[in-house]
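Residues per chain are reported as follows:
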Amino acid sequence: MSGARRVNPEDTRGAIGGYPGSGSMMPAPGSPLLDVRGLGKVFPSGQGHVVALRQVNLRVYPGRLVAVRGRSGAGKTTLLNLIAGLDDPTSGQVILFGHDLGPLNDRQRTELRRRDLGVVFQSAHLFPTLTARENVELPLRLVKAPRADRLRRTDEALALVGLAARAQHRAPELSGGEQQRVAIARALVHAPRLVLADEPTGNLDLQTGLSMLDLLRNISHQAGISFLITTHDPAAVQLADEVYDINDGVLSPAAR
Ligand SMILES: Nc1ncnc2c1ncn2[C@@H]1O[C@H](COP(=O)(O)OP(=O)(O)OP(=O)(O)O)[C@@H](O)[C@H]1O
Ligand SMILES: [Mg+2]
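Now for a look at the structure at hand.

Each value, and the rule that gives it
Residues numbered from 1 in each chain as written. Chains lettered and ligands numbered in written order. Predicted model: local features only at pLDDT ≥ 70, side-chain atom pairs only at ≥ 80, totals over all residues. Pairing = 2+ DSSP bridges. Helix = DSSP H or I, 4+ residues; strand = E, 2+ residues; numbered from the N terminus. Expected span 1.5 Å × (residues − 1). Buried ≥ 20, exposed ≤ 12 C-beta atoms within 10 Å, placed from the backbone. Arc of directions from axis to C-beta. Near = placed C-beta within 6 Å. Nonpolar A, V, L, I, M, F, W, Y, C, P; charged D, E, K, R; others polar. Core = buried A, V, L, I, M, F, W, Y, C linked by C-beta atoms within 7 Å. Contact = placed C-beta atoms within 7 Å. Axes fitted to C-alpha atoms, helices over the stretch in contact; angles between N-to-C directions.

Summarising the sheet, strand 3 (residues 65–69) and strand 9 (residues 242–247) pair through 4 bridges and their orientation is parallel. Residue pairing across strands places Val-68 opposite Tyr-244, the latter belonging to strand 9. Of the strand pairs in this sheet, strand 9 and strand 10 (residues 250–253) are connected by 4 bridges, and their pairing is antiparallel. Looking at the pairing, Asp-245 lines up with Ser-252 of strand 10. As consecutive antiparallel partners, strand 9 and strand 10 are separated by 2 residues, and within that stretch Asp-248 has a phi angle of approximately 50 degrees, a positive value.

See the structure below:
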C-alpha cells in the first residue's frame, strides 16, 4: 500500500490495488462517483414525524476528501445511510457509481457496496470474536480474493492505520480509537472507489485524529479513493478538499 504511487486518472483505483473483476460499475471518466439529487428523508415517529433531510444535493468526484459537519441530530448519519443504500429516501435520488439506487434490490445494493464502497459506521461495528486482522480481512473474503492476496492486503491496511502490532487482538481488547482505526482499515482493504465514514475521528484524541485525517487525505489524493466523512472536528475542515455544513437536514457549502 505504498502511498506514493501515482495512478492513471482513468483508473482511479490506486496504490492499494483492485481485485479481479472489480471496477465493472464505473461511470465514464469525469463524472461523479456519487450524485445526490434533491434527497429528502422523513421519519415517522410517535409525535408526528421528523424531517431529517431536506432537498440535499451533493456530488463527490474521484480523489476528493469531502467533509460534512453538523451538530448532533443534523442528519449526517441519515445521509450516509441513504448513500450506502441501507435505507430509502422519502424523495430524491442517490446515483452511486452511475447507478440509481432506487430501483436496485438489496442483493444488487450489497454487490455494489462490496465492490466499490467502504463504510465506517459511527460505532466501529467490529466482530468481537474476531481479531483485528480477521475483521479487516472480511471484505476480501466476501469478494473471494485469493488467500495470499487477502493476507498481504490485510497486513498493509493494518500497517497503514498504525495497528500492525495489534493484528492479533480481538475487538474488545482494543481501545475505542484503535477499534475505529481497524474499521477504517476494513473499509479500505478492498480498494473501494468511495469510502463513507461517519465521524471517523470521533473516538480519537486530537493528535491521532489529525494524523488519521492526514492519512485519509493522502490516500484520497494519491490512490484516487474518495472519502465522504462526517465530523465535528475543526481539523477536518482544514484538511478536506470540500466542506459542507448540515443544519436541520439542509446541506450547504461551508464558508471557510
Ligand atoms: N429511525 C429513525 N426514526 C425516527 N427518527 C430518526 C431515526 N433516525 C434518525 N432520526 C432523527 O433524524 C434526525 C437526524 O438523525 P441523524 O442520526 O442523521 O443525526 P446525526 O447528524 O448523525 O447526529 P449525531 O451527530 O448525534 O450522530 C434526528 O433528529 C433523529 O432523531
Ligand atoms: Mg450520527
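The next subject is helix 6 (residues 206–223). Across its 18 residues, helix 6 extends 25 Å between first and last C-alpha, which sits within 8% of the 26 Å expected from 1.5 Å per residue. Those residues of helix 6 not exposed but buried are Gly-209, Met-212, Leu-213, Leu-216, Ile-219, Ser-220 and Ala-223. Buried residues of helix 6, seen end-on, are gathered within an arc of 135 degrees and therefore sit on one face of the element. Opposite the buried face of helix 6, by more than 90 degrees, sit the exposed residues Leu-206, Gln-207 and Asp-214.

A few words on the site of ligand 1. What surrounds ligand 1 is a group of 13 residues, the closest being Phe-43, Ser-72, Lys-76, Thr-77 and Thr-78. Counting only elements with at least two residues in the shell around ligand 1, the list comes to strand 2 (49–60) and helix 1 (76–83). Each residue belonging to the shell around ligand 1 can be placed in one class, and the counts come to 4 nonpolar, 8 polar and 1 charged.

For the rest of this paragraph, the subject is the nonpolar core. Counting 64 residues, the largest nonpolar core has Ile-83, Val-182, Ala-185, Val-195, Leu-196 and Phe-227 as the members making the most contacts within it. Leave out the neighbours within four places in its chain, and Val-182 touches Ala-124, Leu-126, Ala-132, Asn-135, Val-136, Leu-163 and Leu-174.

The next thing to look at is the sheet that holds strand 5 (residues 99–100). Strand order in this open sheet of 4 strands is 2-1-4-5, and the pairing throughout is antiparallel. Of all strands in the sheet, those bounded by a partner on one side alone are strand 2 and strand 5. Relative to strand 4 (residues 91–96), strand 1 (residues 34–44) runs antiparallel, the two sharing 5 bridges. Among the inter-strand pairings, Asp-35 is bridged to a residue of strand 4, identified as Ile-95.

An order of 6-7-8-3-9-10 is seen for the 6 strands of this open sheet, with the pairing classed as mixed. If you trace the sheet from one side to the other, it starts and ends with strand 6 (117–120) and strand 10, each paired once. Direction aside, neighbouring strands of the sheet carry axes that sit 20 degrees apart on average. Pairing geometry for strand 3 and strand 8 (residues 226–231), over 5 bridges, is parallel. Looking at the pairing, Leu-65 lines up with Phe-227 of strand 8. Contacting strand 3, strand 7 (194–198), strand 8 and strand 9, helix 1 runs over the sheet at an angle of about 150 degrees to strand 7. In the packing of helix 5 (residues 176–188) onto the sheet, the strands contacted are strand 6 and strand 7, and the crossing angle to strand 6 comes to about 170 degrees.

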